[in-house]
Amino acid sequence: MKYTDLLNITKEYGNPVYVYDAEKIKFQFNRLSNAFKTVKNLKLNYAAKALSNLTILRLMNDLGSGLDTVSIQEVKLGLLAGFKPEEIIYTPNGVSLEEIEEAAALGVRINIDNLSVLEQFGSKHPDIPVCIRINPHVMAGGNSNISVGHIDSKFGISIHQIPHLLRIVELTQMTINGIHMHTGSDILDIEVFLYASEILFETAKNFRELDFIDFGSGFKVPYKEGDIETNIEELGEKLSSRFNEFCEEYGKELTLAFEPGKFLVSEAGYFLAKVNVVKQTTSTVFASVDSGFNHLIRPMLYGANHQIFNISNPVGKERYYSVVGYICETDTFANNRRINEISEGDVLCFKNAGAYCFSMASNYNSRYRPAEVLWYEGKSVLIRERESFDDLIRNQIDVKDLFEAKNQKASIK
Ligand SMILES: *Cc1c(COP(=O)(O)O)cnc(C)c1O
């Protein structure tokens, strides 16, 4: 997308606004598919939580993706967006048995990540096959917030509990149709990932009725210059040949599944915000935009580095700025960044704003969530309206007479 296209979008729809480039999403989808082209049955299930706009879900469906969901609400969004139930996998953590039963009744694939629910579900519904989420206890990436495969992680069933798991399966007579892992958000070292895969293959041998093995996600995309990204092509080549080998050993052409979120949508997203104030203090020049962590929380929550460009003055002299929001709380997007000279009224563009940006937005400070626009075949399509005051008060119950009654009594006295 060109900067002029982005600027025109702010003129048409106002700001702040999220923009998603459909072409880039398609490119990433095809790139991942191609990396595994030697696997006969490959299934990519887009992780809805990264960006759950209905039109984005429809685009994924159109590309041939399945859907990975983590809540019953995401399941319902997927069905609404046209996914067939069998194209949806439900991979919750820590939800009630009732919610899992509700998802099962809708016909979606079920992925269970603890023995307690496995036993209860299997006893009540031995005829509904389920996938199991395994924790291989392998650290992928360095940040303990986003590496979910380690020993103290709340995710998955420990590989050390396989004997117990097998006993539950035998006693309930339930069917295990898939094995799953999702070790973390950053696959940096392919060898570590392949090592975890071996644990999955080893586990898979315990089950004779598998249809698929799901390797989760964690594909890393570059945020700033010099960032390492997962070498998808190398991973594809190595894992594909190992997977095909395993299928021969197992005696069945299984499906190789992935659940990419960030990889598909991160780089396709742009967040556009307008500079309200340029403020010079004794040590810093602040550029305050008409947004904050209510719209894009990743810098404050994860220390994420989103590149910022001044698309109103793309060839201006570069200067140092701290880019902050308008929330009454520290909400720094970037510290001391070199950005083309900023004037009040300029539009800043935040890159990598497709994944975990809008989907984590809130109404904090009673601000509206931004509009969302899809850039599709050279045209902008509004896919979510900016919120309005009505949205802020929609579910509130304004109990006026609660206090009026009290005031009346007080005045009688
Ligand atoms: C969040 C999540 C994903 C997607 O992770 P990305 O890093 O965005 O690709 C996949 N699977 C499960 C179970 C998840 O919770």
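Residues numbered from 1 in each chain as written. Predicted model: local features only at pLDDT ≥ 70, side-chain atom pairs only at ≥ 80, totals over all residues. Heavy atoms only, no water.

**Q** Got a sec to walk through the site of the ligand? Specific residues and values, please.
**A** Near the ligand there are 14 residues, and of these Lys49, Ser217, Glu259, Lys262 and Tyr356 occur at the shortest range. In the model, a nitrogen atom of the ligand is placed 3.5 Å from a nitrogen or oxygen of the Asp68 side chain. Contacts to the ligand include Ser217, whose side-chain N or O atom sits 2.4 Å from an oxygen atom. Coverage of the ligand by the protein amounts to 94% of the 390 Å² it exposes when considered alone. Here the residues of the shell around the ligand sort into three nonpolar, six polar and five charged. (Near = heavy atom within 4 Å. Polar contact = N/O pair within 3.5 Å; in protein donor to acceptor, adjacent residues only side chain to side chain. Areas by Shrake-Rupley, 256 points an atom, 1.4 Å probe, with all protein chains shown as cover. Nonpolar A, V, L, I, M, F, W, Y, C, P; charged D, E, K, R; others polar.)

**Q** Give a detailed account of the layout of surface pockets, specifying residues and quantitative values.
**A** Within this model, the second largest pocket holds a volume of roughly 240 Å³. Ser52, Phe358, Ser359, Ala361, Asn363, Arg369, Arg384, Glu385, Arg386, Glu387, Asp391 and Arg394 together form the lining of the second largest pocket. (1 Å grid on protein atoms, 1.4 Å probe; cavity = no way out; pocket = protein on both sides within 12 Å on 5 of 7 lines; lining within 4 Å. Points joined across faces, edges and corners; volume = space filled by probe spheres on them.)

**Q** Give a detailed account of the pairing of strand β6 (residues 130-135), specifying residues and quantitative values.
**A** In terms of residue burial, β6 counts as a mostly covered element, since six of its six residues are buried. Every second residue of β6 is oriented toward a common face, with Val130, Ile132 and Ile134 on one face and Cys131, Arg133 and Asn135 on the other, all of them buried. One ladder, built from two bridges, connects strand β5 (residues 109-112) with β6; its direction is parallel. Looking at the pairing, Asn111 lines up with Cys131 of β6. Between the parallel pair β5 and β6, the chain is carried across by helix α6 (residues 115-124), and the sense of this crossover is right-handed. Bridge count for β6 against strand β8 (residues 176-180) is four bridges, and the pairing is parallel. Bridge pairing in β8 places Ile132 opposite Ile179. Strand direction decides the pairing type here: β6 and strand β7 (residues 157-158), joined by two bridges, are parallel. Across the sheet, Ile134 pairs through a bridge with Ile157, a residue of β7. (Buried < 20%, exposed > 50% of the residue type's maximum accessible area, 1.4 Å probe, protein only. Helix = DSSP H or I, 4+ residues; strand = E, 2+ residues; numbered from the N terminus. Pairing = 2+ DSSP bridges. Right-handed = clockwise from strand over helix to strand, strands pointing away.)

**Q** Requested: an account of the pattern of salt bridges, with residues and values cited.
**A** Summed over all chains, the structure comprises 18 salt bridges. The structure contains a network of salt bridges with shared partners spanning Arg31, Glu229 and Glu233. (Salt bridge = Lys/Arg side-chain N within 4 Å of Asp/Glu carboxyl O.)

**Q** Account for the domain arrangement of the protein chain, naming residues and giving values.
**A** How big an interface is tends to be reported as the loss of accessible area on association of its parts. In terms of domain boundaries, the protein chain breaks down into domain 1 (36-260) and domain 2 (269-393). Relative placement of domain 1 and domain 2: their C-alpha centres are 33 Å apart. In this complex, domain 1 contributes 12 residues to the contact, which on the side of domain 2 involves 14 residues. For domain 1, the biggest contributors to the area lost against domain 2 are Ala50, Asn53 and Tyr223; these three give 45% of the whole. (Domains from an automatic or database assignment. Contact = heavy atoms within 4.5 Å. Buried area = accessible area lost by both parts, 1.4 Å probe.)

**Q** Describe the packing of helix α8 (residues 190-204) against helix α9 (residues 232-250), naming the residues involved and giving the relevant values.
**A** Running from amino to carboxyl end, α8 crosses α9 at an angle of 15°, the nearest separation of the two axes being 11 Å. Between α8 and α9, the angle is such that the two are roughly parallel. As α8 runs across α9, the sense of the crossing is right-handed. Residue-level inspection shows Ile190, Glu191, Phe193, Leu194, Ser197, Glu198, Phe201 and Ala204 of α8 in contact with α9, the latter providing Glu234, Leu235, Lys238, Leu239, Arg242, Phe243, Phe246 and Tyr250. (Axes fitted to C-alpha atoms, helices over the stretch in contact; angles between N-to-C directions. Parallel < 35°, antiparallel > 145°, perpendicular 65-115°, else oblique. Left-handed = near helix turned anticlockwise from the far one by under 90°.)

**Q** Let's hear about the environment of Pro163: which residues, and what values?
**A** Examined against the element boundaries, Pro163 turns out to sit in helix α7 (residues 162-172). Overall, Pro163 belongs to the exposed group, its relative accessible area being 53%.

**Q** Any details on the nonpolar core? Residues and values, ideally.
**A** With 103 residues, the main nonpolar core has Tyr46, Leu165 and Phe215 as its most contacted residues. With residues up to four places along the chain from it excluded, the contact list for Tyr46 reads Leu51, Ile56, Leu57, Met60, Ser65, Gly66, Leu67, Asp68, Pro260, Gly261, Leu264 and Val265. Formed by 14 residues, the second largest nonpolar core is a distinct cluster that contains Ile9, Tyr13, Tyr270 and Ala371. (Core = buried A, V, L, I, M, F, W, Y, C linked by side-chain atoms within 4.5 Å.)

**Q** How would you summarise α6 if you had to cite specific residues and measurements?
**A** Listed as buried for α6 are Leu115, Val117, Leu118, Phe121 and Gly122. For α6, the buried positions fall inside an angular range of 155° around the axis, keeping them on one side. Looking at the buried positions of α6, the neighbouring elements they touch are α5 (97-105), β5, β6, β7 and α7. The N-capping residue of α6, defined by a side-chain oxygen 3.3 Å from the backbone nitrogen of Ser116, is Asn114. (Arc of directions from axis to C-beta.)

**Q** Go over the side chain of Glu387, please, and point to the residues and values.
**A** Within the element layout of this structure, Glu387 appears in the loop between β18 (379-384) and α12 (389-393). Judged by relative accessible area, Glu387 falls into the buried class, the value being 16%. Side chain to side chain, Glu387 and Asn363 meet in a polar contact 2.8 Å long.

**Q** So what about a nonpolar patch on the surface? Which residues, and what values?
**A** Nonpolar side chains collect at one region of the surface, where Ile397, Val399, Leu402 and Phe403 lie side by side and expose about 430 Å² of accessible area between them. When you line up the elements, Phe403 lands in helix α13 (residues 401-412). (Patch = residues over 30% accessible without salt bridge, like charges linked within 9 Å, V, L, I, M, F, W, Y side chains within 5 Å.)

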